[in-house]
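Each chain, letter by letter, is given below.
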Amino acid sequence: MTIESVEKKSEKSSIYIIYFDDGTEMSMNANQLGLHGIHEGKEFTQEEYAHFRIEVELGESKAKALQTLGSRQLSSREIQKRLISKGYSPEIAEMTSDWLNDIGLINDEEYGKSIARHYAQKGYGQARIRQELFKRGIERELWEQSLEEIEGSEDAVFTFIERKLRTGDSEKDIERITAALVRRGYSYSEAKETLRRYFDENED
């Protein structure tokens, strides 16, 4: 495998296109050219070429992942899905997420806990929090650890109940708020128990 030519993508671009004698091509910036010693006529064995492509794609994937993360938290699965949507292979995406884990830029355990805290502080129940953990790609084995973060966080749901009360503790109010709590991820029995505790704490 031999490099036939190295050409700048455009006059103003910092990207170069590398053309190989088998008809394949790849792009990289000037820094990468120097790092890999790329020049016309450079030869690769099949094994060297395969390793070279992986190394280049992984470098690009890492850069894209860092750009995607910014100041946001993402799970391993979320970052992999985003990289795959950008055209990277599942293998490269997984290697990139492993690297991000190794350097501490993503941490599914801590991310899951922050999701649980966030939704608990908004007065949501465990079922809704589990939905959010699933949606964000947090592994099921981390769910229980995440849900430990919501223990003793009743202030938010009590505030929600207080906002919803219209006529004290009438039967109509109780049924309406019970239904609202069920929609927010509480089971029917959890909603009833939460209301009971609310009224116990707010007795005159």
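Data block above holds the structure.
Draft legend 1. Expanded view of the overall build of the chain. Secondary structure summary: the chain contains 10 helices and three strands in total. Overall, the chain shows an N-to-C arrangement of helices and strands of β-β-β-α-α-α-α-α-α-α-α-α-α. Computed over C-alpha atoms, the radius of gyration of the chain comes to 27 Å, more than 25% over the 17 Å expected from 2.2 N^0.38 for 204 residues, which places it beyond the range of a compact globule. For the chain, the spread of C-alpha atoms along the principal axes amounts to about 85 × 35 × 25 Å. Residues classed as buried in the chain amount to 37% of the 204 residues present. In the chain, the share of contacts with a sequence separation of at least 24, taken over all contacts with a separation of at least 6, comes to 49%. For the chain, the accessible surface area stands at approximately 12,600 Å², while carbon and sulfur atoms represent 45% of it.

Draft legend 2. The arrangement of helix 6 (residues 126–135) in detail. Those residues of helix 6 that fall on the buried side of the exposure criterion are I129, E132 and L133. Buried residues in helix 6, looked at end-on, bunch into an arc of 100°, giving them a common side. Along helix 6, exposed side chains directed more than 90 degrees from the buried face belong to Q131, F134 and K135. Along its buried surface, helix 6 packs onto helix 5 (108–121) and helix 7 (143–147). Just past helix 6, the residue G137 takes up positive phi, approximately 80°.

Draft legend 3. Broad picture of the side chain of T194. Secondary-structure assignment places T194 in helix 10 (residues 188–201). Residue classification places T194 among the buried residues on the basis of a relative accessible area of 4%. Reaching out from T194, the side chain makes a polar contact with the backbone oxygen of E190 at a distance of 2.7 Å. In contact with T194, not counting residues within four places along its chain, are V157, F158, I161 and Y186.

Draft legend 4. Here's a closer look at a negative patch on the surface. On the surface, a cluster of negative charge is made up of E4, D21, D22 and E43. By secondary structure assignment, the location of D21 is in the loop between strand 2 (15–20) and strand 3 (25–29).

Draft legend 5. The packing of helix 3 (residues 76–85) against helix 4 (residues 90–102), seen in detail. Helix 4 packs onto helix 3 with a crossing angle of 140° between their chain directions and a minimal axis gap of 9 Å. Looking at the two axes, helix 3 sits oblique to helix 4. Where helix 3 crosses over helix 4, the handedness of that crossing is right-handed. Across from S76, I79, Q80, L83 and I84 in helix 3, the residues of helix 4 making contact are P90, A93, E94, T96, S97, L100 and N101. In terms of residue class, the contact of helix 3 with helix 4 is made up of six nonpolar, five polar and one charged.

Draft legend 6. The arrangement of the pattern of salt bridges in detail. Overall, the coordinates contain 11 salt bridges when judged by the stated rule. In this structure, E57 and R53 form a salt bridge, with 3.8 Å as the shortest nitrogen-oxygen distance. One end of the pair, E57, and the other, R53, are both in helix 2 (residues 46–69), four residues apart, so they sit about a helical turn from each other. Across the salt bridge formed by E144 and R130, the nearest N and O atoms sit 3.4 Å from each other. With E144 in helix 7 and R130 in helix 6, this pair connects stretches of sequence that are 14 residues apart. Residue classification places E144 among the partly exposed residues on the basis of a relative accessible area of 48%.

Draft legend 7. Geometry of the nonpolar core. In this structure, I115, Y119, I129, L133, I138 and I150 are the most contacted members of the largest nonpolar core, which totals 13 residues. Elements represented by at least two residues in this core include exactly helix 5, helix 6 and helix 7. Of all the elements, helix 5 adds the most residues to this core, at five residues. Setting aside residues no more than four positions away along its own chain, L133 makes contact with G112, I115, I138, W143 and S146.

The rules behind these values
- Residue numbers here run from 1 along each chain, matching the order of that chain's written sequence.
- Selection of residues for local features in this predicted model requires a pLDDT of at least 70, selection of side-chain atom pairs for listing and counting requires 80 or more, and totals for whole chains, interfaces and linings are taken over all residues.
- The basis for every side-chain value is the complete set of heavy atoms in the structure, and neither hydrogens nor water enter the calculation.
- Put simply, DSSP marks the helices as runs of H or I at least four residues long and the strands as runs of E at least two long, and each gets a number from the N terminus on.
- The reference for a compact globule is 2.2 Å times residues^0.38; the radius of gyration itself is calculated from the C-alpha atoms.
- Burial classes follow relative accessibility: with a 1.4 Å probe on protein chains only, a residue under 20% of its type's maximum area counts as buried, one over 50% as exposed, and anything between as partly exposed.
- Here a residue-residue contact requires only that any non-hydrogen atoms of the pair lie within 4.5 Å.
- Note on areas: Shrake-Rupley, 1.4 Å probe, and residue coverage restricted to the protein chains presented here.
- Each C-beta atom gives one direction from the helix axis, and the arc is the one those directions make.
- The definition of a polar contact used here is a pair of N or O atoms within 3.5 Å, where within protein one atom must be able to donate a hydrogen and the other to accept one, and adjacent residues in sequence count solely through side-chain atom pairs.
- Like charges within 9 Å and nonpolar side chains (Val, Leu, Ile, Met, Phe, Trp, Tyr) within 5 Å are joined into patches, using only residues over 30% in relative accessible area that form no salt bridge.
- Should a side-chain nitrogen of Lys or Arg be within 4 Å of a carboxyl oxygen of Asp or Glu, the pair is scored as a salt bridge.
- Two residue types count as positive, namely Lys and Arg, and two as negative, namely Asp and Glu; His and chain ends fall outside the count.
- Here the site of a charge means atom NZ of a Lys, CZ of an Arg, CG of an Asp or CD of a Glu.
- For every element, the axis is a line fit to its C-alpha atoms; helices are fit only across the contacting stretch, and the angle between N-to-C directions ranges from 0 to 180 degrees.
- Any angle that is under 35 degrees is reported as roughly parallel, and any over 145 degrees as roughly antiparallel; angles of 65 to 115 degrees are reported as roughly perpendicular and all others as oblique.
- Each crossing gets its hand from how the near helix is turned against the far one by less than a right angle, where anticlockwise is left-handed and clockwise is right-handed.
- Residue type decides the class: Asp, Glu, Lys and Arg count as charged, Ala, Val, Leu, Ile, Met, Phe, Trp, Tyr, Cys and Pro as nonpolar, and the leftover types, Gly among them, as polar.
- We call a set of buried Ala, Val, Leu, Ile, Met, Phe, Trp, Tyr and Cys residues a nonpolar core when their side-chain atoms join them within 4.5 Å.

Purely spatial values, then, with no claim about function.
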